[in-house]
Amino acid sequence: MPPSPHVPDHGAVLAEVRKVRRAGVVRLRALDVPALAGAARELPRGDGESPGGPVEKVLRLAVSRMGGGTLQTAAEYSLGLAQGTRDWPAADRRRRAAQVYGVSVERFRKHHELMVLGQVAEQVVQLVAQGVPRREAPAPPYDPSPVRMPAAHRTLRPRIDRRTVPVTLHVHSVDLLRDIDVVVSPTNIYFALPAPYKSSVSATLRRAGAHRDPVGGLVDDRIDDELRGWTARHGAPGRAAQPGTVAVTSAGALADQGIRRIYHVAVAVPRPETNDYDVQPADITRGVARVFALLAEESGAHDPPLRSVCLPLLGAGRGGLTPLESFGALWAAVEAELARGADWDIHFVVRRHARADLLERLLAPHAPAEDDR
């Protein structure tokens, strides 16, 4: 019979988790964290080791058990466990964690941070108390109750300037949208669309908008052809446009799904001699503001008038922005447009339910302003 695990004291674990928060996991091997090291020794070895050793593995496992959402995301940023944050200074990690909750850094430090780190410590204690099998947890007992799939469409009602406005959130690929007048597509400043077999929003729209014969052969690459025509008419083929510029094309074959226009927003600036891009939040805000200006110009020229617009999280893919940064830049323009009384039908589209959950929390109708919290 295996010996009972030595369960560490929660207070001792919390003190060491706070020490890791200050130093970051990149300096973990140099820290004196006996409670966390003891917890690591109590757990079975896996097939590999985290870069920071067994203690980092314990922290990652503990954070992974926090159920996702705001709490887990803030914990990942606080400790430097989120992708690309291992070497971030403590102040930068705290600032990003505060953004997850939508509060000031000072308020997060005083009110939220201890709760987040306390939950990390609690999960470490529970890991040791419950034990973790060598490879994976046993399957949960069969539950005969019905399983509900997460909703693919959500209607939110944020408050804008003393009024409640409906916002529809779509949780699926952009090519599944139906009956929306304008779909916004991110592109680079050269308006060069990616190959249609790729997985980005712009590549997906290009692929879905192409006309094909009955056996799938390409007949007409409509959206790409029209975008090339737009750049030619505006004297810009092969030349970089200003970030935030918007080009307009039809929706090609997507017209069969009720999509009427594609607005291509130039936000991605290619890095020389690489396949990477840089996206600035200010360019997203400027581009979305231009989207609404074009929508107002074009609306009356169509029968029926254009009224609905759908936005993806611009720059949150290869552009390198977090979903929170992207949505913050988008919402700045959307909120300004709605605050002046515009009555556009606003939609957002994301592929992952975790991102939809984030947007739903950010647009909660009763979320108090920061000054009131």
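The structure under discussion appears in the preceding block.
Cut-offs and rules
- Residues numbered from 1 in each chain as written.
- Predicted model: local features only at pLDDT ≥ 70, side-chain atom pairs only at ≥ 80, totals over all residues.
- Heavy atoms only, no water.
- Patch = residues over 30% accessible without salt bridge, like charges linked within 9 Å, V, L, I, M, F, W, Y side chains within 5 Å.
- Areas by Shrake-Rupley, 256 points an atom, 1.4 Å probe, with all protein chains shown as cover.
- Salt bridge = Lys/Arg side-chain N within 4 Å of Asp/Glu carboxyl O.
- Lys, Arg positive; Asp, Glu negative; His and termini not counted.
- Charge placed at Lys NZ, Arg CZ, Asp CG, Glu CD.
- Helix = DSSP H or I, 4+ residues; strand = E, 2+ residues; numbered from the N terminus.
- Buried < 20%, exposed > 50% of the residue type's maximum accessible area, 1.4 Å probe, protein only.
- Phe/Tyr/Trp six-rings, centres within 6.5 Å; stacked < 30°, edge-to-face > 60°.
- Axes fitted to C-alpha atoms, helices over the stretch in contact; angles between N-to-C directions.
- Parallel < 35°, antiparallel > 145°, perpendicular 65-115°, else oblique.
- Contact = heavy atoms within 4.5 Å.
- Core = buried A, V, L, I, M, F, W, Y, C linked by side-chain atoms within 4.5 Å.
- Polar contact = N/O pair within 3.5 Å; in protein donor to acceptor, adjacent residues only side chain to side chain.

Student: Even after reading the chapter, I still don't get a positive patch on the surface, so can you show me in this structure?
Tutor: Taken together, Arg207, Arg212, Arg351 and Arg352 make up a surface patch of like positive charges. Secondary-structure assignment places Arg352 in the loop between strand E12 (345-350) and helix H11 (353-362). Arg352 sits in the exposed class, given a relative accessible area of 55%.

Student: What should I look at first to understand unusual backbone geometry in this one?
Tutor: Trans is the prevailing form of peptide bonds, just as negative phi is the prevailing case for residues other than glycine. Residue Pro304 follows Asp303 across a cis peptide bond; omega there is 0°. With respect to the helices and strands, Pro304 occurs in the loop between helix H9 (281-299) and strand E11 (308-311). Although it is not a glycine, Asp179 sits at a positive phi angle of roughly 55°. Inspection of the secondary structure puts Asp179 in the loop between strand E4 (167-171) and strand E5 (182-188). By relative accessible area, Asp179 is classed as exposed at 61%. We note that Phe191 has phi near 55°; this positive angle belongs to a residue other than glycine. Here Phe191 shows up in the loop between E5 and helix H7 (201-209).

Student: Got a minute to help me understand the packing of aromatic side chains in this structure?
Tutor: The geometry of two aromatic rings is summed up by the distance between their centres and the angle between their planes. For the structure shown, the criterion picks out five aromatic pairs. Centroid distance Trp331 to Phe348: 6.3 Å. Interplanar angle 45°. Geometry classified as tilted. One end of the pair, Trp331, is in helix H10 (residues 323-339); the other, Phe348, is in strand E12, and 17 residues separate them in sequence. On the basis of relative accessible area, Trp331 is assigned to the buried category, the value being 12%. Here a set of aromatic residues connected by ring pairs shows up, and it is made of Phe327, Trp331 and Phe348.

Student: Sorry, what's going on with the packing of helix H4 (residues 69-79) against helix H6 (residues 105-130) here?
Tutor: When two helices pack together, their arrangement is captured by the angle between the axes and the distance separating the axes. Running from N to C, H4 and H6 cross one another at 95°; their axes reach a closest spacing of 10 Å. Judged by the angle between their axes, H4 and H6 are roughly perpendicular. Touching Leu71, Ala74, Ala75, Ser78 and Leu79 of H4 are Phe108, Met115, Val116, Leu117, Gln119 and Val120, all from H6.

Student: Would you take a moment to explain the nonpolar core for this structure?
Tutor: Where a protein is soluble and globular, its nonpolar side chains tend to be buried together. Counting residues in hydrophobic clusters, the biggest one holds 43 residues, and the most contacted among them are Tyr263, Ile284, Val288, Val334, Ile346 and Phe348. Look past the residues within four positions of Ile346 in its chain and what remains in contact with it is Pro166, Val167, Thr168, Phe292, Val309, Val334 and Leu338. If you look at the next biggest cluster of nonpolar residues, it comprises 37 residues, including Val20, Ala98, Val120 and Val125.

Student: How should the pattern of salt bridges be read in this particular structure?
Tutor: Here the idea is simple: oppositely charged side chains can pair when their charged atoms come close. Tallying each qualifying case throughout the model produces 21 salt bridges. In this structure, the salt-bridge partner of Glu113 is Arg21, at a minimum N-O distance of 3.6 Å. Within this pair, whereas Glu113 is found in helix H6, its partner Arg21 is found in helix H1 (residues 10-23), the two being separated by 92 residues in sequence. Residues Glu113 and Arg21 agree in their burial class; the two are buried. Each member of the salt-bridge network shares a partner with another, and the members are Arg206, Asp221, Asp224 and Arg228.

Student: What should I look at first to understand the environment of Ala82 in this one?
Tutor: Tracing the backbone through its elements, the reader meets Ala82 in the loop between H4 and helix H5 (90-101). As for Ala82 and Arg93, which are separated by 11 residues in sequence, their C-alpha atoms are 9.5 Å apart. Non-local contacts of Ala82, meaning those with residues more than four positions away in its chain, are made with Glu76 and Tyr77.

Student: What is the right way to read the environment of Arg178 from this model?
Tutor: Inspection of the secondary structure puts Arg178 in the loop between E4 and E5. Assessed through its relative accessible area of 45%, Arg178 is described here as partly exposed. Remark: the alpha-carbon pair of Arg178 and Leu254, spanning 76 residues in sequence, is separated by 8.6 Å. Aside from chain neighbours lying at most four places away, what touches Arg178 is Gln257 and Ile259. There is a polar contact of 3.1 Å between the side chain of Arg178 and the backbone oxygen of Leu176.

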